[in-house]
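Below are the chains, spelled out letter by letter.
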Amino acid sequence: MSPQLEVQLIAVIIAAACTLPGVFLVLRRMAMLSDAISHTVLLGIVLAYLISGNLSSPLLFAGAVAMGVLTVWLVELMSGSRMMHEDAAIGLVFPALFSLAVLLISRFAGNVPLDTDSVLLGELAFAPFDRIDLFGLSLPRALVVGSGTLMLNLILLVLFYKELKLATFDPALATTLGFAPALIHYGLMTSVSLTAVTAFDAVGSILVIALMVAPPATAYLLTDRLPRMILLSVAIGIASALSGYWLARWFDVSIAGTMATMTGIAFLLTFLFAPRRGIVAQIRQQQINRERFALQMLTLHLLNHEGTRDANVECHPRHLIEELHWPAAFAGAIVRQAEQHGLVQRLGDMLVLTEQGRLFAAEASVR
């Protein structure tokens, strides 16, 4: 397997692993916790290194995961005091813990290959050079670890899908049915911490945050069904990773940075052009609603003055501009639409309702 293919495979595996817990972070409105966790785990790594003195010690992994869970606990402790909102608590906890990690690195770990740049940015291009032997095969460590994380996240999702879904959308009902929302919550946060720890060594925390948040947020704009949202999130994450890799090669720039950029571009395009929730669709829907309301106003006006002595004046197209305070161009467009839809017809200089127009006006008056 060529190094290029290995880099792409690592990116695909990590993208899928990050998006799975990311879906529930987005649904729980806790997306910024992924930012906090992916930074504060560095403090767990540093403290574990200072205790063990060995960068290969499994204590580093345990310390990082534990620090991620501690971050969540501290955020909830501060926000639960009702003295501040969750966003303010995150803004206090993660800079404090991350800056403490940076200080410890500069003071006690300056002579070891443990630096903040590798944690923040990573370098996927170097991932194939760190290899381990598994079942007689020489494989990149990031690929093996990332695959294990993905399998674990998939297993947890399958086993606890119902509990996660219920605790996410209706915690009160979950409690009533005997589930433990707090336990499910901390289980999810542990999964997020574990994913962040295993991923940022290869891709950096910036890309981990992007993959956990942007693809699920993009999928959320496209569907209301959780299974479909999960599948779309994984697909968007993988597509962003692959497209980012090739763009990085073409422009000779950071692979992780380009992948993160592609997740943002995917979200931006969906934010603008999603079929129902996109900005363009919303603007179009507002225009349709405005035009429909204007048609209702026109037909009601004609219905109210139908057969009256002043019908010749009230039912004249020019009178609509004065009576309904419409601009001339808009009034002309609405009259043309009403004629095209068979709601009105011209009788000399007057507008006369058709039978369909009377029914349309009657329905509008009932509403």
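Residues numbered from 1 in each chain as written. Predicted model: local features only at pLDDT ≥ 70, side-chain atom pairs only at ≥ 80, totals over all residues. Heavy atoms only, no water.

Participant: Outline the packing of aromatic side chains, listing residues and values.
Facilitator: Counted by the stated rule, this structure contains 3 aromatic pairs. Ring centres of Tyr245 and Trp246 lie 5.3 Å apart, and the angle between their planes is 80 degrees; this geometry places the pair in the edge-to-face category. Residue classification places Trp246 among the partly exposed residues on the basis of a relative accessible area of 32%. The interplanar angle of 90 degrees and the centroid separation of 5.5 Å between the aromatic rings of Trp326 and Phe330 together place this pair among those described as edge-to-face. By relative accessible area, Trp326 is classed as buried at 11%. Cation over ring: Arg277 sits above Tyr220, and NZ or CZ is 5.0 Å from the ring centre. (Phe/Tyr/Trp six-rings, centres within 6.5 Å; stacked < 30°, edge-to-face > 60°. Buried < 20%, exposed > 50% of the residue type's maximum accessible area, 1.4 Å probe, protein only. Lys NZ or Arg CZ within 6 Å of the ring centre and 35° of its normal.)

Participant: Lay out the environment of Ile265 in plain terms, naming residues and giving numbers.
Facilitator: Within the secondary structure, Ile265 is located in helix H11 (residues 255–273). Residue Ile265 is classed as partly exposed on the basis of its relative accessible area of 37%. For the pair Ile265 and Ala331, spaced 66 residues apart in sequence, the C-alpha separation works out to 40 Å. (Helix = DSSP H or I, 4+ residues; strand = E, 2+ residues; numbered from the N terminus.)

Participant: Give me the lowdown on unusual backbone geometry, citing residues and values where you can.
Facilitator: Glycine aside, negative phi is the norm for most residues, and most peptide bonds take the trans geometry. The backbone of Phe135 sits at a positive phi, close to 55 degrees, despite the residue not being glycine. Structurally, Phe135 can be placed in the loop between strand E1 (131–134) and strand E2 (137–140). Among the residues examined, Phe135 registers a relative accessible area of 79% and is labelled exposed. With a phi angle near 55 degrees, Asp252 is a residue other than glycine that sits in the positive phi range. For Asp252, a relative accessible area of 71% corresponds to the exposed category.

Participant: I'd love a proper account of the environment of His305, names of residues and values included.
Facilitator: By the element assignment, His305 lies in helix H12 (residues 279–305). Note: C-alpha distance between His305 and Phe24 (281 residues apart in sequence) is 57 Å. Discounting residues that sit within four places of it in the chain, His305 has contacts with Asp310, Ala311, Glu314 and Cys315. (Contact = heavy atoms within 4.5 Å.)

Participant: How would you explain the pattern of salt bridges if you had to name every residue and give the values?
Facilitator: Two side chains that carry opposite charge are able to pair once their charged atoms sit near each other. Using the criterion set out here, one finds 7 salt bridges in the structure. Taking the shortest distance from any N to any O, the salt bridge between Arg141 and Asp130 comes out at 3.3 Å. Pair noted here: Arg141 is in helix H6 (residues 141–159) and Asp130 is in the loop between helix H5 (116–120) and E1, with a separation of 11 residues, a long-range link. The exposure class of Arg141 is partly exposed, given its relative accessible area of 36%. Under the relative-accessibility criterion, Asp130 is labelled partly exposed at 36%. The partner of Arg276 in a salt bridge is Asp224, with the nearest N and O atoms 3.0 Å apart. Linking Arg276 in the loop between H11 and H12 with Asp224 in the loop between helix H9 (181–220) and helix H10 (226–251), this pair joins segments that are 52 residues apart in sequence. The pair Arg276 / Asp224 is uniform in exposure class, with both members exposed. Residues joined by salt bridges that share partners form a network here, namely Asp224, Arg276 and Arg277. (Salt bridge = Lys/Arg side-chain N within 4 Å of Asp/Glu carboxyl O.)

None of the figures reported here should be taken as evidence of function without further support.
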